[in-house]
Each structure stands twice: as structure tokens, then as C-alpha cells.
Amino acid sequence: MIPMLLAQANPSSMHTLFWLGIITLAVIALLGGIFVTKYFNLWIQAFMSEANVSIVDLVGMSFRKVNPNIIVRSKIMAYQAGLREKDGLTTRALESHYLAGGNVPNVVRALIAANRADIPLSYKQATAIDLAGRNVLEAVQTSVNPKVIQCPDPSQGRSTVDGVARNGIQLKVKAKVTVRTNLDRLVGGATDETIIARVGEGIVNAIGSADTHLQVLEKPDSISKRVLEKGLDAGTAYEILSIDIADIDVGDNIGANLQALQAEADTRVARAKAEERRAFAVAQEQEMQAAVQENRAKVVAAEAEVPLAIAEAFRQGHLGVGDYYNLKNVQADTDMRTAIAGTGDGPGGAAMARQAAPASQ
């Protein structure tokens, strides 16, 4: 039938159909080449490693914006290490973690390292740690090979933890904290900063509870024992294995310095109170002097009325001339006795006589 149709067709139609067939074959060959280039090599690798990744999965990864190279090579790496899909390492699970922004190769390496070290770590737990922003591979490595944390952290600007014993002597301590990762508490657990802060606080408390600094210098391990007894790793991502005192230096005599400062402060307070009392005494003295001057003014005013009273007595005849001269003689004798006694002129006699003379005239 087809040959008959071809025989009846025009030569121009035959020519068009020929070129259409050539173009179709070229497109199919091109798509096949792209497919072979992009997917066939990965599929062969997965097939030879028994990683169970199909062509359909590879094509689907491209549509889901997943890098098939990462997924296939991670799965091959896991299968070569003895991990299987029953351990959670399915193609869908790896794709899901990739789309969630996780580091698939790092998770697979962590699972392999945990499996080799007989550390219980599930795929779900590993992906949770990875998505929480922690380096799950480093966490597993720290679980196998504990790390040492310097206390205090030199990068924070402090080189020693300073504590003061009961006798007032300051001690400067450097410590090394050996920890390993606790994978069960890694998600949501505190990290290095909390460990450093808690150990530093424990060291200060241990030094402060010692009667003398010599006790601490004789037995530095007493600090480690007291600190370890407090369970400082609770709620952290680590398990503290040991706390080693690397160095202890004797600092200042803080107690003596504080006592000196307190004595200086007390001296200043005493001086201030003494100055206050002196100022009060000076003010009181000024008030007394003012009162004396006021009383003297009253005496002078009273003495000024004596001549007037004498003159009035003369006018009314109550006082005679003889009486007046007898009064003058008494005043003169009193002034003389005062002068002989060395007390100066009497305030009454001479002044009164001088004021009475003009009034009598």
C-alpha cells in the first residue's frame, strides 16, 4: 500500500518528505546524544554500584531542579560504604534534603563515619543536624576524636580566668576543657561559648571557696574536681571529659588593695565630717561675736542714759553737788584699782564721768 502511494506521489512531495525524515532523525539523534551525555554515564555508574537509580529518576531530577551528579555520587558513596535504603538513604530522601538546602555529601560522609565508629546516628537525625546549621561531619569526628577548648577563649581578648581566694590573693588560671560531641543534644544544645562561660564561672567559685591561695597552688586538681562535680555540660551539645589546669599565676593582693581603698575612703569621709564640724564651729563663733557686739551696744545705750538721769536728779533736787563729787571719787578709785590690777580701764566710771560733766554744766 505504502509503495503504491509513494509511486502516485509527486517528485516534489517525495523530496519534502525525505528532508522531513532527515530532520526528524537528526533531532532524535541530538536528543539521544544529550540524553546519553547527561544521564547515561550517571545511570551506568549507579547501575554498576547497585545504587538503584533509574533513568526516570534522573530525568525527574532535572525537572525538579535537583543536581543529579550530587545525588547519584552521594548514593554510590553510601552504598559502597555498606549503607542501604533501609537506613533511610533513598533517592527521594536525598532529593528532599537537597531541595531543603542541606549538604547531601556532608550528611552521607557523616553517616559513613558514624557507621565505621559504631556511633548510633540515623539519617533523619543527621539531616536535622545539617539543616540546623551545624556541621554534622565535624560533630561525628569530634565524637570519635575529642577536641580541646581553651578557657578562656584567647580570641575574646582575655588570656586568663581571674579568681580571688578568701585571703584576698588573686589567681590567674588557664584551663583546657576536653569535650566530645553529644549527638543526641546537638540540635538545640549550647556550644563552645556556653562551655567556656560555665567552666570560667566554676573556676572562679572554686578559687573563691579556698581559704588561702596556697591551697589552690598546692592542689590545682581541686579546681577541676569541683568544676566537674557541677555537671556543666547539661543542656550543651558536648560531654565534658576532663578539665585540665594548664597554668596558675599569682596576681595582685586584691584584699589589701580593697582595704587600702576603703581606708582612703574612710579618711575622706572623716575629713569631710571634720570640715563640717569646723565650719559649724566657725559659724557658731561668728554668731557669738555678733551676740557680744549686740550686748555691748545695749550696754553703751544704757550707759548713755546715766548722765541724763543724773542731770534730771540735779534739776529735781534729788542729787546734790557733794553727792555728785562723792560719786566721782568712787569712780576714780574704781578705775585706779582696775588699772593696778591690770584689767584695763573700767568701762563704766571714766566714760560716765565724761558724759556727766557736760550734763551738769
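Residues numbered from 1 in each chain as written. Predicted model: local features only at pLDDT ≥ 70, side-chain atom pairs only at ≥ 80, totals over all residues. Heavy atoms only, no water.

When helices and strands are counted, the chain shows 14 helices and four strands. By the burial criterion, 30% of the 361 residues in the chain qualify as buried. Across the chain, contacts joining residues at least 24 apart in sequence account for 70% of those joining residues at least 6 apart. For the chain, the exposed surface amounts to about 22,500 Å²; the carbon and sulfur share of it is 57%. (Helix = DSSP H or I, 4+ residues; strand = E, 2+ residues; numbered from the N terminus. Buried < 20%, exposed > 50% of the residue type's maximum accessible area, 1.4 Å probe, protein only. Contact = heavy atoms within 4.5 Å. Areas by Shrake-Rupley, 256 points an atom, 1.4 Å probe, with all protein chains shown as cover.)

Bringing the pattern of salt bridges into the picture now. Under the counting rule described, the total for this entry stands at eleven salt bridges. Close ionic contact of aspartate 192 with lysine 147 constitutes a salt bridge, the shortest N to O distance being 3.1 Å. Taken together, the residues aspartate 192 in helix H9 (residues 192–208) and lysine 147 in strand S1 (residues 147–151) connect sequence positions 45 residues apart. Owing to a relative accessible area of 21%, aspartate 192 belongs among the partly exposed residues under this scheme. We classify lysine 147 as partly exposed; its relative accessible area is 23%. Two residues, arginine 268 and glutamate 264, come together in a salt bridge whose shortest N-O distance is 2.7 Å. One end of the pair is arginine 268 and the other is glutamate 264, both in helix H12 (residues 254–316) and four residues apart, which spans about a single turn. (Salt bridge = Lys/Arg side-chain N within 4 Å of Asp/Glu carboxyl O.)

Moving on, we get to H12. Counting along an α-helix, one turn takes 3.6 residues, and residues three or four places apart therefore face a common direction. Along its 63 residues, H12 runs 92 Å from first to last C-alpha, staying within 8% of the 93 Å computed at 1.5 Å per residue. Of all the positions in H12, only Gly255, Pro307, Ile310, Ala311 and Ala313 are classed as buried. Where H12 ends, the next residue or the one after it, glycine 317, has phi of about 80 degrees, a positive value. (Expected span 1.5 Å × (residues − 1).)

Attention shifts here to the pairing of strand S3 (residues 169–181). Note: S1 against S3, five bridges, orientation antiparallel. Residue pairing in the sheet places cysteine 151 in a bridge with alanine 175 of S3. Relative to S3, strand S2 (residues 161–164) runs antiparallel, the two being bridged by four bridges. Directly across from aspartate 162, in S3, lies its bridge partner lysine 172. Across twelve bridges, the pairing between S3 and strand S4 (residues 238–253) is antiparallel. Residue pairing for S4: isoleucine 169 is matched across the bridge by asparagine 253. (Pairing = 2+ DSSP bridges.)

Along the chain, isoleucine 248 falls in strand S4. The exposure class assigned to isoleucine 248 is buried, which follows from its relative accessible area of 17%. Through-space distance from the C-alpha of isoleucine 248 to that of aspartate 162 is 9.7 Å; in sequence the pair is 86 residues apart.

A few words now on the layout of surface pockets. Reported here for the largest pocket is a volume of approximately 170 Å³. Contributing to the lining of the largest pocket are Arg134, Asn135, Glu138, Ala139, Thr142, Lys147, Thr181, Leu186, Thr191, Ala237 and Tyr238. Residue classes in the lining of the largest pocket are distributed as four nonpolar, four polar and three charged. (1 Å grid on protein atoms, 1.4 Å probe; cavity = no way out; pocket = protein on both sides within 12 Å on 5 of 7 lines; lining within 4 Å. Points joined across faces, edges and corners; volume = space filled by probe spheres on them. Nonpolar A, V, L, I, M, F, W, Y, C, P; charged D, E, K, R; others polar.)

Here we take up the side chain of asparagine 182. Note that asparagine 182 resides in the loop between S3 and H9. On the basis of relative accessibility, which here comes to 19%, the residue asparagine 182 falls in the buried class. Not counting the four nearest positions on each side in its chain, asparagine 182 is found in contact with Ala237 and Tyr238.

Here we take up the nonpolar core. Leu89, Leu111 and Leu121 are the most contacted members of the largest nonpolar core, which has 36 residues in total. Looking at this core, the elements that each hand over two or more residues are helix H2 (11–48), helix H3 (55–63), helix H4 (68–80), helix H5 (91–99), helix H6 (104–116), helix H7 (123–131) and helix H8 (136–144). Looking at this core, the element that brings in the most residues is H6, giving seven residues. With residues up to four places along the chain from it excluded, the contact list for leucine 89 reads Lys75, Ala78, Tyr79, Leu83, Arg84, Leu94, Val108, Leu111 and Tyr123. Leu171, Val199, Ala210 and Tyr238 belong to the second-largest nonpolar core, a separate cluster that totals 24 residues. (Core = buried A, V, L, I, M, F, W, Y, C linked by side-chain atoms within 4.5 Å.)

One way to put it is that H4 packs onto H5 with a least axis distance of 10 Å and a crossing angle of 130 degrees. Classified by the angle between their axes, H4 and H5 sit oblique to one another. Where H4 crosses over H5, the two elements pack in a sense that is right-handed. Between H4 and H5, the residues in contact are Ile70, Ile71 and Lys75 and Thr91, Leu94, Glu95 and Tyr98, respectively. Residues that form the contact of H4 with H5 fall into these classes: four nonpolar, one polar and two charged. (Axes fitted to C-alpha atoms, helices over the stretch in contact; angles between N-to-C directions. Parallel < 35°, antiparallel > 145°, perpendicular 65-115°, else oblique. Left-handed = near helix turned anticlockwise from the far one by under 90°.)

What follows covers the side chain of serine 143. Note that serine 143 resides in helix H8. Sequence-distant contacts of serine 143, defined by excluding residues within four places in its chain, comprise Ile119, Arg180, Thr181 and Leu183.

Before going further, it helps to examine the environment of glutamate 239. Within the fold, glutamate 239 resides in strand S4. On the basis of relative accessibility, which here comes to 30%, the residue glutamate 239 falls in the partly exposed class. Residues glutamate 239 and valine 179 lie 60 residues apart in sequence; the distance between their C-alpha atoms is 5.5 Å. When sequence neighbours within four positions are dropped, the list of residues in contact with glutamate 239 reads Thr178, Val179, Arg180 and Asp233.

Everything listed is a geometric property; what it means functionally is a separate question.
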